[in-house]
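One-letter residues, chain by chain:
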Amino acid sequence: MVLKIYGHLVAPCTQRVLAVAEELGVPYELVVVDYTKNEHKTLEYLAHQPFGQVPYIEDDGVEVFESRAICRFLALKYGGVGTLLPAQSDLEGTARFEQAASVELNDFEAPMGLLAWELRYKEYYGLKADLEVAKEHRTKAESRLDGYEAMLSKTRFLAGDELTLADLFHLPYESLVTEQEFDFVKPESSRWPNVARYKLPIYARLQ
Ligand SMILES: N[C@@H](CCC(=O)N[C@@H](CS)C(=O)NCC(=O)O)C(=O)O
């Protein structure tokens, strides 16, 4: 049976899973869970995703929720080991990968998720964006990019010189950083030239 991804196209965590399925070339069906209609809070849905969030997947009888766990599962199952995920025997590669994945979750997703909530998703719930709060999240996100710049001055991608899932995990916020005009469009004039250089091959995957 084809992989089923239960989620919503506008949800960053669903976009993350879709991007990785596309990268691995795995056929899938997107089953739309309309969270603007609270479909993710029904008892039936909660039996699959106990936090009432999207996405979760069902693949040959295996159910997984948490977007990054899903991506790891897909990479393990569909040929991503040795490319998007280091082989288990590669101790240093695994450590570098987990380091990069942790940076994405704690130093990128944390402020960007709050910024996205303020500027994009509040309106789905009939709430108004608070631009002062958004500014604080943006400042925090920018300060984290200084750390990215230091890491990316040493390696081409976050976990080394090859692209991994840790890089792809950043994809859902591409349109937000573009819309917010974060200063990493042109490597030659950016405050973070290595981040600017880094983002190009990753974001090219969205075209
Ligand atoms: N850590 C979870 C987060 C999932 C999550 O927060 N999903 C959001 C959409 S990106 C959601 O369902 N929000 C609606 C809600 O929490 O009610 C993951 O990575 O899958």
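Before any of the text, the structure's been laid out above.
Criteria and cut-off values
- Residues numbered from 1 in each chain as written.
- Predicted model: local features only at pLDDT ≥ 70, side-chain atom pairs only at ≥ 80, totals over all residues.
- Heavy atoms only, no water.
- Helix = DSSP H or I, 4+ residues; strand = E, 2+ residues; numbered from the N terminus.
- Rg over C-alpha atoms; globule rule 2.2 N^0.38 Å.
- Areas by Shrake-Rupley, 256 points an atom, 1.4 Å probe, with all protein chains shown as cover.
- Lys, Arg positive; Asp, Glu negative; His and termini not counted.
- Charge placed at Lys NZ, Arg CZ, Asp CG, Glu CD.
- Buried < 20%, exposed > 50% of the residue type's maximum accessible area, 1.4 Å probe, protein only.
- Pairing = 2+ DSSP bridges.
- Arc of directions from axis to C-beta.
- Contact = heavy atoms within 4.5 Å.
- Axes fitted to C-alpha atoms, helices over the stretch in contact; angles between N-to-C directions.
- Near = heavy atom within 4 Å.
- Polar contact = N/O pair within 3.5 Å; in protein donor to acceptor, adjacent residues only side chain to side chain.
- Nonpolar A, V, L, I, M, F, W, Y, C, P; charged D, E, K, R; others polar.
- Expected span 1.5 Å × (residues − 1).

Asks: I tried to follow the overall build of the protein on my own but got confused; where do I start?
Replies: Scanning the protein for helices and strands turns up 8 helices and 4 strands. Each helix (α) and strand (β) of the protein, taken in turn from the N terminus, gives the series β-α-β-α-β-β-α-α-α-α-α-α. Against the globule reference of 17 Å for 207 residues, the protein gives a C-alpha radius of gyration of 17 Å, in line with a compact fold. Based on the C-alpha atoms only, the size of the protein along its principal axes is roughly 50 × 50 × 25 Å. Surface accessibility of the protein: about 10700 Å² in total, with carbon and sulfur atoms responsible for 55%. Taking the 22 positively charged and 33 negatively charged side chains of the protein as two groups, their mean positions are separated by 4 Å.

Asks: Help me understand the pairing of strand S3 (residues 56-59), please; the structure alone is not making it clear to me.
Replies: Two faces, one strand: in a regular strand the side chains alternate between the faces of the sheet. Residue alternation in S3 divides its side chains into two sets, Tyr56 and Glu58 and Ile57 and Asp59, and both sets are buried. With 3 bridges joining them, strand S1 (residues 3-7) and S3 adopt antiparallel strand pairing. Opposite Tyr6, over in S3, you have Tyr56 as the bridge partner. Across 4 bridges, the pairing between S3 and strand S4 (residues 62-65) is antiparallel. Paired with Asp59 across the bridge in S4 is Val62.

Asks: Help me understand helix H8 (residues 193-203), please; the structure alone is not making it clear to me.
Replies: Three or four residues apart is the spacing at which side chains of an α-helix point the same way, because the helix has 3.6 residues per turn. For H8, the full list of buried residues reads Val195, Ala196, Tyr198, Lys199, Ile202 and Tyr203. Buried residues along H8 cover an arc of 165° about the axis, so they all sit on one side. Looking at the buried positions of H8, the neighbouring elements they touch are helix H5 (131-152), helix H6 (165-168) and helix H7 (174-179).

Asks: I keep staring at the sheet that holds S4 and nothing clicks. Help me out?
Replies: Paired through their backbone hydrogen bonds, the strands of a sheet run either parallel or antiparallel. Ordered by their spatial adjacency, 4 strands build an open sheet running S2-S1-S3-S4, and the pairing between neighbours is mixed. Either end of the sheet is taken by a strand with one partner, and the two such strands are strand S2 (28-32) and S4. Mean inter-strand twist for the sheet, computed between neighbouring axes without regard to direction, equals 20°. Contacts from helix H3 (residues 67-77) reach S1, S3 and S4 within the one sheet, and its direction differs from that of S4 by about 140°.

Asks: Please clarify how the site of the ligand should be interpreted in this entry.
Replies: Around the ligand, 13 residues are found, and the nearest of them are His40, Lys41, Val54, Glu66 and Ser67. Within the side chain of Lys41, one N or O atom sits 3.0 Å away from an oxygen atom of the ligand. One of the side-chain N or O atoms of Glu66 is found 2.8 Å from a nitrogen atom in the ligand. The fraction of the free accessible surface of the ligand (500 Å²) that becomes covered by protein chains is 76%. Among the elements of the structure, helix H1 (12-24) and H3 are those that each provide at least two residues to the shell around the ligand. In the shell around the ligand, the residues fall into 6 nonpolar, 4 polar and 3 charged.

Asks: Looking at this structure, I do not really get H5. What am I missing?
Replies: Here H5 is 22 residues long and its end C-alpha atoms lie 30 Å apart, about the 32 Å a rise of 1.5 Å per residue gives. Buried residues of H5: Ala134, His137, Ala141, Glu142, Leu145, Tyr148, Glu149 and Leu152, and no others. Contact partners of the buried residues in H5: helix H4 (91-121) and H8. Where H5 begins, the side chain of Asp130 points an oxygen toward the backbone nitrogen of Glu132, at a separation of 3.0 Å.

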